[in-house]
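Per-entry structural report
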Amino acid sequence: MAEYQSYVNPPSVRNVIIPLSTDLGPDFTVQRALPSEQQRMVGPFIFFDQMGPAVLTRNSNLDVRPHPHICLATVTYLFSGEILHRDSLGNVQTILPGAVNWMTAGSGIVHSERTPPRLRAVEKGLFGIQAWVALPRRYEETAPEFLHYPEGALPFIEADGVKLRLIAGSLYGENAPTRTYSDMFYADAMLAPGAELELPAEHAERAIYIVGGGVSIGHQSFDAGRLVVFKPGASLVLRADPHTRLMLLGGEPLDGARHVWWNFVASSRERIEQAKEDWLHDRFGRVPGDSEFIPLPEEPPPPITYP
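First, a word on scope: everything that follows refers to the structure included in this document. (Residues numbered from 1 in each chain as written. Predicted model: local features only at pLDDT ≥ 70, side-chain atom pairs only at ≥ 80, totals over all residues. Heavy atoms only, no water.)

**What to know about the nonpolar core**
With 31 residues, the main nonpolar core has Phe48, Trp102, Tyr186, Leu227 and Met247 as its most contacted residues. Setting aside residues up to four positions removed in sequence, Leu227 forms contacts with Asn15, Val16, Ile17, Ala33, Leu34, Ala207, Ile208, Tyr209 and Leu249. Counting 26 residues, the second largest nonpolar core, distinct from the first, contains Ala189, Leu191, Phe222 and Val228. (Core = buried A, V, L, I, M, F, W, Y, C linked by side-chain atoms within 4.5 Å. Buried < 20%, exposed > 50% of the residue type's maximum accessible area, 1.4 Å probe, protein only. Contact = heavy atoms within 4.5 Å.)

Structure follows, in structure tokens:
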């Protein structure tokens, strides 16, 4: 799992996580910050993956075949590149940088994520974040839904060397239009060198993911590619060292433990077992126009419980 830092963290910091790197192809790498040995979740965030940055050739397109999810929402946000989303509800949507694809799996959905057809024969970049947000128990079996929010629909704050786009939830007196199911926040912040950003204490669990550059908290500096998880309590001041890009995330803890197996997240092991049977016997539904699928793993490990 992810590594521990060797230095002593400031009093406000609970954990510093160095993501695990996984190669999904010759030109595409994913850095997984959540879950880790030190930190299974932050608020409702149960998975947090950095995709790229990558340069894909005509022979190395993104092709994540149709696969199922239950009892969670996937949140896709890009810094560069494009991804074509298709799902079993019939939705077809290309996501561009600064926009949000929010897919609520609820009782069950199938989707694929691919390089759009017009880009497949050319060189292209891809860089972004995909997070999974676990749903509260009363919403786990809600009807599946896909919503797309263009860049212009999201609140944007600019002041004192900080440019911040609120992706979901509430922060700094703003509320994103993104449909969420629990108290949370998720934002993309760009800081000029020397700029300071206060992270308020209004949410029980808080973290930052350093996409690029670096920040100082007190006398300690943190580099890019780190998930810094904070203790509850006082507000924090983040100071950018060079030009810096951060993802701010957190919210209220979930209402109990969650079990994770493959692409399934649920509050009960029985629900995951049912999802396995449903996928094995083709009960989820299919993505129109896409005959491929990712088969159920043959000999996977038992479900993992978080926290």
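**Looking at the sheet that holds strand β7 (residues 83–87)**
Strand order in the open sheet formed by 4 strands is β5-β10-β7-β8, with antiparallel pairing between adjacent strands. The open sheet has two free edges, formed respectively by β5 (63–69) and β8 (92–95), since each of these has just one partner strand. When the angles between neighbouring strand axes are averaged without regard to direction, this sheet yields 20 degrees. Where β7 lies against β8, 4 bridges are found, and the strand directions are antiparallel. (Pairing = 2+ DSSP bridges. Helix = DSSP H or I, 4+ residues; strand = E, 2+ residues; numbered from the N terminus. Axes fitted to C-alpha atoms, helices over the stretch in contact; angles between N-to-C directions.)

**Describing the packing of aromatic side chains**
Counted under the stated rule, the structure contains 13 aromatic pairs. Cluster of aromatic residues (ring-pair linked, three or more members): Trp261, Trp262, Phe264, Trp279, Phe284 and Phe293. Over the ring of Trp261 we find Lys276, and its NZ or CZ is 4.5 Å from the ring centre. (Phe/Tyr/Trp six-rings, centres within 6.5 Å; stacked < 30°, edge-to-face > 60°. Lys NZ or Arg CZ within 6 Å of the ring centre and 35° of its normal.)

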